[in-house]
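So the chains spell out like this:
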Amino acid sequence: MTTLTANEIHTATATDLYRDLIVRATLGQVEQASVWYHEAQEIAHEVARNLDTTLEVGASVVSAFSPRERWASNIEKAIAFSLGHTPKGLGNNLKMAQSSLTAGFYALKGLKTNAFARAIAGDSDAVVIDVWMMRAANMETDSPSQGQYFALSLACRNVAKEFGLTPRTAQALIWIVVRGSAI
């Protein structure tokens, strides 16, 4: 008899829960998920154009302003920053955005912010595990350990493969179903 590790159990449980959420998704939610990261990428392109830099940097700046922000506020702050303004809010987000100007993805040390920037920039294999993905997996905390992050990322990749979706689209769909909205 094989004994599963805690993270293997998290992966198995989350795979089942994520599968159930995808099955419950409405056609409208599927449509929202299919375009969410493409629309986010357009915002990153705008940030990059304003800063006269690459999409990687633009996506990293957008992601840097994501912790503890609603999407509309995240966009507003990233665009303001790209136009030379200093957005109010968490100081660490501003520091990450400033570091992103020279280091791109490498300025984002957090698993979530780094994966979010990569997903926005077009990496269809990037999986963002945030508070909503943790809740979708019935985790006891909103902040994953590194092991939990990788376990839930694998669960998302598992269901993406089952449904013929990219991992980032599966993640977006799960997020939309749990949250109830794409914004």
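Residues numbered from 1 in each chain as written. Predicted model: local features only at pLDDT ≥ 70, side-chain atom pairs only at ≥ 80, totals over all residues. Heavy atoms only, no water.

Draft legend 1. Quick peek at the nonpolar core. Counting 55 residues, the largest nonpolar core has Tyr18 and Ile174 as the members making the most contacts within it. Once you skip the residues sitting within four places of it in the chain, Ile174 turns out to touch Tyr18, Leu21, Ile22, Met133, Ala136, Cys156 and Val159. (Core = buried A, V, L, I, M, F, W, Y, C linked by side-chain atoms within 4.5 Å. Buried < 20%, exposed > 50% of the residue type's maximum accessible area, 1.4 Å probe, protein only. Contact = heavy atoms within 4.5 Å.)

Draft legend 2. The pattern of salt bridges, seen in detail. Going through the model one piece at a time under the given rule, you end up with four salt bridges. Note that Glu162 and Arg19 form a salt bridge whose closest N and O atoms lie 2.7 Å from each other. Placement of Glu162 in helix H8 (residues 146-163) and of Arg19 in helix H1 (residues 6-24) is noted, with a sequence separation of 143 residues between them. The exposure class of Glu162 is partly exposed, given its relative accessible area of 43%. For Arg19, a relative accessible area of 24% translates into the label partly exposed. For Asp142, the salt bridge is made with Arg135, and the minimal N-O distance between the two is 3.1 Å. Several salt bridges converge on common partners, so that one network encompasses Asp16, Arg19 and Glu162. (Salt bridge = Lys/Arg side-chain N within 4 Å of Asp/Glu carboxyl O. Helix = DSSP H or I, 4+ residues; strand = E, 2+ residues; numbered from the N terminus.)

Draft legend 3. Just empty space enclosed by the protein, in detail. In total, this model carries one cavity of 30 Å³ or more according to the counting rule given. If you go around the largest cavity, the residues you meet are Phe65, Glu69, Lys77, Pro87, Lys88, Gly89, Leu90, Asn93 and Leu94. Partitioned by chemical class, the residues of the lining of the largest cavity number four nonpolar, two polar and three charged. (1 Å grid on protein atoms, 1.4 Å probe; cavity = no way out; pocket = protein on both sides within 12 Å on 5 of 7 lines; lining within 4 Å. Points joined across faces, edges and corners; volume = space filled by probe spheres on them. Nonpolar A, V, L, I, M, F, W, Y, C, P; charged D, E, K, R; others polar.)

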